[in-house]
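# Summary of the model geometry
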Amino acid sequence: MLHKLLSIIKLKKQINSDNFIKRIRSLVIGEGMLQDGNIPLIEFAIKNMPNYGSVIEIGSYGGLSTNLIIYLMQKHKKNNPVFNCDAWIYEGFDDQINKNILHIDGREDVLREDYSIYMKNAFINATKFLSLNNLPHSFHLKSDVFFSKWNKQETETDLFGSEIKLGGEINFAYIDGGHSYDVVLNDFENVANHLVIDGYMLIDDSAPHLNFGSAKIIGKIKKDNRFVLVAKKPNHMFIKKKH
Ligand SMILES: C[S@@+](CC[C@H](N)C(=O)[O-])C[C@H]1O[C@@H](n2cnc3c(N)ncnc32)[C@H](O)[C@@H]1O
């Protein structure tokens, strides 16, 4: 495990001199969504994942992590398909207390439903701009619906107009969609069922000090004998092992 940690630290140093990674936060909406420590973890997973399977991202928002993943795949000459989904739901600061707020935080004149359209279009624009030659298979779906289609190997048309059959093995999954315990558990179980041996799973917002379901689920995954913790920087990345 020590050699994995050393190689993640080495990647972090290289990333500081990668001009595209330095630039991407100012090109794509949602700069606050990507934790710095995730970048070397994503790069490590892409570099070391088995060559077969698909890369899955749950929660695409404005496309920051999507376009970073695609860039790092090109950098490491990985041409596996990339699938992602987002429900483009506005998550407000006070949703736990009041579920009926129609506007975004602090702006009564900006509606949540307009936010959904805006963010989805921002995602499409950023992805066409930055990844036109390597478009992902993106879907406007909640992750439970996405995985139900994945499990049934359904054929769907993605947001960029390509018809594609869902399903099959996964070699890297970035889980960053809904953050409640039940949603993350469902995403974890679905990924776990399809992840190949030596495939990676990174769970965003899973640092121990956070109050999200994505942090609370880590204790359960650590006890799951299919998975070994690769790194905590501060989010947790696991590798699937034979058991
Ligand atoms: C933190 S953002 C993702 C940020 C993105 N990965 C990035 O780095 O730019 C979380 C996203 O998950 C989406 N989301 C929330 N619940 C979801 C669900 N059940 N299924 C799919 N997406 C969901 C939200 O619409 C939001 O866009």
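Our structure is the block above this text.
Residues numbered from 1 in each chain as written. Predicted model: local features only at pLDDT ≥ 70, side-chain atom pairs only at ≥ 80, totals over all residues. Heavy atoms only, no water.

### Focus: the overall build of the protein chain
Helices and strands together make up the secondary structure of the protein chain, namely 9 helices and 11 strands. At 17 Å, the protein chain has a C-alpha radius of gyration in line with the 18 Å of a compact globule built from 243 residues. Structurally, the protein chain occupies a C-alpha span of about 55 × 40 × 40 Å along its principal axes. Per-residue burial for the protein chain yields a buried fraction of 49% across its 243 residues. When contacts within the protein chain are restricted to residue pairs at least 6 apart in sequence, those whose partners lie at least 24 apart make up 72%. (Helix = DSSP H or I, 4+ residues; strand = E, 2+ residues; numbered from the N terminus. Rg over C-alpha atoms; globule rule 2.2 N^0.38 Å. Buried < 20%, exposed > 50% of the residue type's maximum accessible area, 1.4 Å probe, protein only. Contact = heavy atoms within 4.5 Å.)

### Brief notes about the environment of Ile46
Here Ile46 is to be found in helix α3 (residues 38-48). Sequence separation between Ile46 and Ala173 is 127 residues, and the spatial gap between their C-alpha atoms is 10.0 Å. Residues within four places of Ile46 in sequence aside, it is in contact with Ile69, Leu72, Met73, His76, Lys78 and Phe172.

### Here's the deal with helix α1 (residues 2-15)
Given a rise of 1.5 Å per residue, 14 residues ought to cover 20 Å, and the 20 Å separating the end C-alpha atoms of α1 matches this to within 8%. Taken together, the buried positions of α1 are occupied by Lys4, Ile8, Leu11 and Ile15. Along α1, the residues classed as buried sweep out an arc of 60° about the axis, all on the same side. Within α1, the exposed residues directed more than 90 degrees away from the buried face are Leu2, His3, Leu6, Lys10 and Lys13. Looking at the buried positions of α1, the neighbouring elements they touch are α2 (19-27), α3, β9 (195-203), β10 (227-232) and β11 (236-240). (Expected span 1.5 Å × (residues − 1). Arc of directions from axis to C-beta.)

### Quick word on the sheet that holds strand β1 (residues 54-58)
Judged by pairing direction, the sheet is mixed, and its 7 strands sit side by side in the order β5-β2-β1-β8-β9-β11-β10 without closing on themselves. Whereas interior strands pair on both sides, the edge strands pair on one side only; in this sheet they are β5 (137-140) and β10. Along the sheet, successive strands turn relative to each other by an average axial angle of 15°, direction set aside. Bridge count between strand β8 (residues 170-175) and β9: 5 bridges; the pairing is parallel. Along β9, the bridge assignment pairs Tyr174 with Leu202. Sheet strands touched by helix α4 (residues 64-75): β1, β2 (82-86) and β8. Its angle to β1, the strand with the most contacts, is close to 160°. Sitting on the sheet, helix α7 (residues 181-194) touches β1, β8, β9, β10 and β11, and the angle it makes with β9 is about 160°. (Pairing = 2+ DSSP bridges. Axes fitted to C-alpha atoms, helices over the stretch in contact; angles between N-to-C directions.)

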